Structures are given as structure tokens and as C-alpha cells.
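Chain by chain, the residues run as shown.
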Amino acid sequence: METNKHYTSFYRRLLAHYCDTLLLFLPNLVALFFVASTSQNINQLVINILLMVATVTLPLMILSTFYSVLMIHFFSATIGQAVSGYAILNSDGTKLNLKRAFFRQTVGKMASGTMFALGYLSIIKHPQKQAWHDEMVASYAVSRKNTWPLAVLLVLITLGLVVFLLFNTVIALAKNEPLKKDFSIYTKIII
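This report concerns the structure included in the present document. (Residues numbered from 1 in each chain as written. Predicted model: local features only at pLDDT ≥ 70, side-chain atom pairs only at ≥ 80, totals over all residues. Heavy atoms only, no water.)

### Notes on the pattern of salt bridges
Think of it this way: side chains of opposite charge can pair up when their charged atoms draw near. Test applied: Salt bridge, as used here, is a side-chain nitrogen of Lys or Arg placed within 4 Å of a carboxyl oxygen of Asp or Glu. Going along the chain from the N terminus, every DSSP run of H or I of four or more residues is numbered as a helix, and every run of E of two or more is numbered as a strand. A simple rule labels every residue: compare its accessible area, found with a 1.4 Å probe on the protein chains alone, to the largest value its type can have, and call it buried under 20%, exposed over 50%, or partly exposed in between.
Under the counting rule described, the total for this entry stands at three salt bridges. When the shortest N-O distance is used, the salt bridge between D134 and R13 registers 2.6 Å. One end of the pair, D134, is in helix α5 (residues 132–137); the other, R13, is in helix α1 (residues 10–38), with 121 residues separating them in the sequence. For the pair formed by D134 and R13, the shared burial category is buried. Note that E177 is salt-bridged to K180, the shortest N-O span being 3.1 Å. Taken together, the positions of E177 and K180, both in helix α7 (residues 177–190) and three residues apart, correspond to about one turn of that helix. Salt bridges linked by common partners bring R13, R104 and D134 together as one network.

### Some remarks on the nonpolar core
The following threshold applies: In this description, a nonpolar core means a group of buried Ala, Val, Leu, Ile, Met, Phe, Trp, Tyr and Cys residues linked to one another through side-chain atoms lying within 4.5 Å. It only takes one pair of heavy atoms within 4.5 Å for two residues to be counted as in contact.
In this structure, L15, C19, L22, L26, L29, V83, A151, V155, V162 and L165 together form the largest nonpolar core, which totals ten residues. The set of elements that each furnish at least two residues to this core consists of α1 and α6 (148–175). Ranked by residue count, the leading element in this core is α1, at five residues. Leave out the neighbours within four places in its chain, and L29 touches V162, L165, L166 and T169. Counting residues in each nonpolar core, the second largest holds nine residues, with V69, I72, I88 and L96 among its members.

### Structural notes on the pairing of strand β1 (residues 86–90)
Side chains on a regular strand alternate between the two faces of the sheet. We apply this condition: When DSSP finds two or more bridges between two strands, those strands count as paired.
Within β1, five of the five residues are buried, which leaves the element mostly enclosed by the surrounding structure. With burial as the criterion, each face of β1 is covered, one bearing Y86, I88 and N90 and the other bearing A87 and L89. As paired strands, β1 and strand β2 (residues 139–143) are joined by five bridges and run antiparallel to one another. The residue bridging I88 from the neighbouring strand is A141, located in β2.

### What to know about the packing of helix α2 (residues 42–75) against helix α4 (residues 98–125)
Spelled out, the test is: Fitted lines through C-alpha atoms give the axes, limited to the stretch in contact for helices. The angle between two N-to-C directions lies from 0 to 180 degrees. To sort the angles, those under 35 degrees are grouped as roughly parallel, those over 145 as roughly antiparallel, those from 65 to 115 as roughly perpendicular, and the leftovers as oblique. Handedness of a crossing follows from how the near helix is turned relative to the far one, being left-handed for an anticlockwise turn of less than a right angle and right-handed for a clockwise one. Only Asp, Glu, Lys and Arg are considered charged, only Ala, Val, Leu, Ile, Met, Phe, Trp, Tyr, Cys and Pro nonpolar, and every remaining residue, Gly among them, polar.
Here α2 crosses α4 at 135°, and the two axes come no closer than 9 Å. Taken together, α2 and α4 sit at an angle that is classed as oblique. Crossing handedness for the pair α2 and α4: right-handed. Contacts between α2 and α4 involve T65, S68, V69, L70, I72 and H73 from the former and L98, A101, F102, R104, Q105 and T106 from the latter. Here the contact of α2 with α4 is built from residues that sort into six nonpolar, five polar and one charged.

### Some remarks on the packing of aromatic side chains
The condition that has to hold: Note on aromatic pairs: the rings of Phe, Tyr and Trp (six-membered ring only in Trp) are paired at centre separations within 6.5 Å, and the planes decide the class, stacked below 30 degrees, edge-to-face beyond 60, tilted for the rest.
For the structure on display, the rule yields two aromatic pairs. A centroid spacing of 5.3 Å and a plane angle of 85° characterise the contact between F10 and Y11, whose relative ring orientation is edge-to-face. By relative accessible area, F10 is classed as buried at 15%. Residue classification places Y11 among the exposed positions, given a relative accessible area of 59%.

### A closer look at the layout of surface pockets
Quick reminder of the rule: Grid spacing is 1 Å over the protein atoms alone, the probe is 1.4 Å, and a cavity is where that probe fits but cannot get out, while a pocket is an open set with protein on both sides within 12 Å along at least five of seven lines and lining residues have an atom within 4 Å of a point. Grid points are joined across faces, edges and corners, and a volume is the space filled by probe spheres set on the points.
The space that makes up the largest pocket amounts to roughly 620 Å³. Around the largest pocket, the lining is made up of 23 residues, and of these H17, T21, Q105, K109 and Y120 lie nearest the centre. Elements with a minimum of two residues in the lining of the largest pocket: α1, α2, β1 and α4. For the lining of the largest pocket, the element with the most residues is α1, which contributes eight residues. Its residues assigned to classes, the lining of the largest pocket shows ten nonpolar, nine polar and four charged. Taken together, the elements giving at least two residues each to the lining of the second largest pocket come down to α1 and α2. When its residues are assigned to classes, the lining of the second largest pocket shows four nonpolar, four polar and no charged.

In C-alpha cells:
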């Protein structure tokens with residue numbers, strides 16, 4: 001890798017991770033709010049939560065992998081990485097091919113997450129700021145622009161939406177009289 005390249009720090013990469021995670025988590029919270037607002041008894045609530053997991057949560061988990069693989073392959077960055085101002089590139093500055101992007105985002109990231117995420121923490125000490133999954137495919141996180149304040153703003157806005165949706169979900173559950181009645185019956189049975 002060229003020595004005039006600026007490698008992306010652990011903190012900027014962590015910020016990009018939070019951006020992507022929060023953005024991909026929002027559809028789950030919208031679905032959870034809908035489930036809490038429409039369930040009329042505890043049985044229906046449990047069934048709706050199971051349906052939500054099957055139709056929203058699990059597909060999003062699978063799609064998030066393909067999202068990151070395809071974004072890195074075609075654009076060299078996910079939304080969070082692009083907003084944070086860096087790209088994932090080969091040593092010669094080109095985009096990762098599909099096979100390497102897939103390996104990096106699946107097997108490589110699982111390896112980086114093992115042993116208390118030591119593979120991610122290795123970014124801090126590594127001279128080229130590579131995590132284990134970067135070293136596995138010889139990829140580099142290269143800074144393009146200093147746009148991390150925009151990423152912080154995106155995280156704060158998204159976090160605000162998360163808090164808003166969670167708060168309104170709890171309110172919807174608390175105002176639902178049939179659910180409160182069912183919960184009191186079940187707690188009396190258990191206790």
C-alpha cells in the first residue's frame with residue numbers, strides 16, 4: 001500500500017459501524033411499534049412478535065450481510081463508511097472483488113469478533129490500521145474525506161429515532177388495557 005495513504009482509525013471505523021447498525025435496526029423498531037400498537041391480547045402479542053422476527057428481523061440479518069458485501073464491492077464503502085469518510089480498498093487502490101468482499105464480511109468478520117473482538121481491537125496497534133478481516137483479504141480502510149462529524153450527526157439523529165420509537169412502543173403497550181389485563185392475569189398465575 002502506498003505510504004502517502006491515510007489509514008482509517010479504529011474510532012472512525014467504530015463510528016461507521018454504529019451508523020450502519022442503527023440504520024439497519026430502524027425497520028425492526030418500526031415493526032415492533034406496529035406489533036405493540038395492534039396486539040389486543042398477550043397471545044396475539046406473542047404471535048405478532050414471532051411473525052415480526054420471521055418476516056422482518058431474520059430477513060434483515062441476512063440482507064445486512066449482502067448489503068455490506070455489495071456496497072463494499074460496488075462502492076468500496078457501506079453508507080456508514082462513506083459518511084465517515086473512508087473506503088475499503090485493495091493494496092493497489094482498487095475495489096474488492098465480490099469473492100473477497102464476501103469473505104471479508106462473513107468469515108473474516110467472524111474471526112475478528114472472536115476472543116472478545118481482539119481482531120477489531122488490533123486496528124489500534126496495527127501500523128496500517130488493519131483488523132484481522134482486513135489482513136485476511138489484504139484490504140485497507142483508507143480515509144478519503146474528513147466527514148466524521150457528519151457521521152456523528154447521523155448517529156445522533158438515528159439514535160434519536162431509536163429512542164423515539166422505543167418510547168412510543170412502551171407507551172403503546174402501557175396504554176393497551178386488554179394487554180395490561182392479560183399481563184396481570186399471567187403474573188398472578190406465575191407468582
